[in-house]
Amino acid sequence: MRTDINAALAALVSSSSGTVEPVTKVAGQLWFNTSTGLLSLRNAANTAWIGVASQLGGTVTLTSPLSFTGTSAGVGTGLIAVRDSVVTVGAEGNAVFAINKQNSATHGLMLGNDGNGAALIGNNNAALRFGKWVSGVFTEYLNMTSAGIFTFAGTQQVIIGGAGGGIEIAGAAPSIKMKDTTASAYDFWMHVDAQNWYVLVDRDGNGAYETPHPLTLEADTNKGYLFGSEIMTTATEIVTPTTQVIAGSGLTGGGALSANVTLNVGTPGNITNSTTNSVGADTHAHALGFTAAEVYAGTGASDTALPLGHTIFVALGSRYDNNSAQTISLSGTTGYVIGTTTPLAGTWRSRGGFTASGDRFGVFERTA
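These numbers were taken from a predicted model, which means no experiment stands behind them.

Participant: Help me out: how do you make sense of the nonpolar core in this one?
Facilitator: Soluble, globular proteins show a tendency: their nonpolar side chains are buried together. Of all hydrophobic cores here, the largest spans 10 residues; its members are L306, I312, V314, L316, I328, L330, Y336, L344, W348 and F364. Only β23 (311-316) and β25 (328-331) provide two or more residues apiece to this core. At three residues, the largest contribution of residues to this core is made by β23. Sequence-distant contacts of I312, defined by excluding residues within four places in its chain, comprise L306, I328, Y336, L344, W348, G362, V363 and F364.

Shown next, in the form of structure tokens:
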């Protein structure tokens, strides 16, 4: 009896330690396997041994702080390892390790994997905030929302890569939006679509961009557009249709103006191809009521179409009032007279006269 009692006490003290399981087994019995170093517990049905660690579950209350101290085995080996034996991906992925929200049964932070070896850091539909905690005050530097939006606090710089590094945004027609939060301010995008690069703008604040685009560059045609109008072709050449010269002005243009196209030239106003303010081949009629004189560059002695502002001497038979309109005709190829034989085009007005050696002459100017 004493031997049996001593054996029972030894088994109790040593948790039935040994390299093989105890011969006598009862539910709830402990067995420390000295060959594996594992502690097992006999199940309630007294049919199998189960690891003591696998029996832990439910809520375990710990006294704070709880510290783990040890020496890691080296790079790539964690000091504390938690293993998830689940082989399928659930709604949360495989949540190997989770920390609940304050006073809640809902996860606030979850660490796990996607079942394919990729690490996951997740949460329950809440932002991930990154920053530093000093003296009880948390300063946020980065906020990653549940919608996948990254927000950098304050005016922090974002630096990606060193020398030769950069930012790549890939996707179908990718864009970078610059949102101006000032009242009534426009929002802009940098946008790429197929072979074209754009600067886009939202002018009415509806969240979408409108046309014409402020800038378009076409890589396939080597053309550029400013607010829908072509501004350049290959390299930096300005688009130049057939050149027209406004006589005597020193100005050159890109051909005839289409209706109601305005060229801003400053005071006194604009040059516009309209009925009241127009540019012709030889004249400039201004809407403010004056006519700009042009220089006549013709060489024909019998020319009858002379530009506005042109001045000539006319042989007179009598005097004419200043600024009166008269019909002027050619007098052969050497002079002009009052008459209708070979009339000059337009309206000619007297600008005064003089008499020399008994001959009377007048100065006339074309005004229309």
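Participant: For this particular structure, what's the right way to read the sheet that holds strand β1 (residues 30-33)?
Facilitator: Two pairing modes exist for strands in a sheet, parallel and antiparallel, and in both the strands are linked by backbone hydrogen bonds. Strand order across the open sheet formed by three strands is β1-β2-β3, with antiparallel pairing between neighbours. Two strands bound the open sheet, and with one partner strand each, they are β1 and β3 (49-51). Between one strand axis and the next, the sheet turns through 35° on average, direction left out of account. Two elements, strand β2 (residues 38-42) and β3, share three bridges in a ladder whose sense is antiparallel. Each bridged residue has a counterpart across the sheet, and for L41 the counterpart in β3 is I50.

Participant: Would you mind showing me how to read the sheet that holds strand β9 (residues 150-152) here?
Facilitator: One open sheet accounts for three strands, arranged β7-β8-β9; its pairing is antiparallel. The sheet terminates laterally at β7 (128-134) and β9, the two strands that pair on one side only. Between one strand axis and the next, the sheet turns by 30° as a mean value, whatever way the strands run. Pairing between strand β8 (residues 137-144) and β9: three bridges, direction antiparallel. Each residue of the ladder has a partner; that of L142, found in β9, is F152.

Participant: So what exactly am I meant to see when it comes to the pattern of salt bridges here?
Facilitator: A pair can form between side chains of opposite charge whenever their charged atoms are brought close. A full pass over the atoms with the stated rule returns four salt bridges. Close ionic contact of D187 with K179 constitutes a salt bridge, the shortest N to O distance being 3.5 Å. A relative accessible area of 7% places D187 in the buried class. The exposed category is assigned to K179, whose relative accessible area is 58%. Residue R351 pairs with E365 through a salt bridge whose shortest N-O separation is 2.9 Å.

Here is what the cut-offs are and how they apply
Residues numbered from 1 in each chain as written. Predicted model: local features only at pLDDT ≥ 70, side-chain atom pairs only at ≥ 80, totals over all residues. Heavy atoms only, no water. Core = buried A, V, L, I, M, F, W, Y, C linked by side-chain atoms within 4.5 Å. Buried < 20%, exposed > 50% of the residue type's maximum accessible area, 1.4 Å probe, protein only. Helix = DSSP H or I, 4+ residues; strand = E, 2+ residues; numbered from the N terminus. Contact = heavy atoms within 4.5 Å. Pairing = 2+ DSSP bridges. Axes fitted to C-alpha atoms, helices over the stretch in contact; angles between N-to-C directions. Salt bridge = Lys/Arg side-chain N within 4 Å of Asp/Glu carboxyl O.

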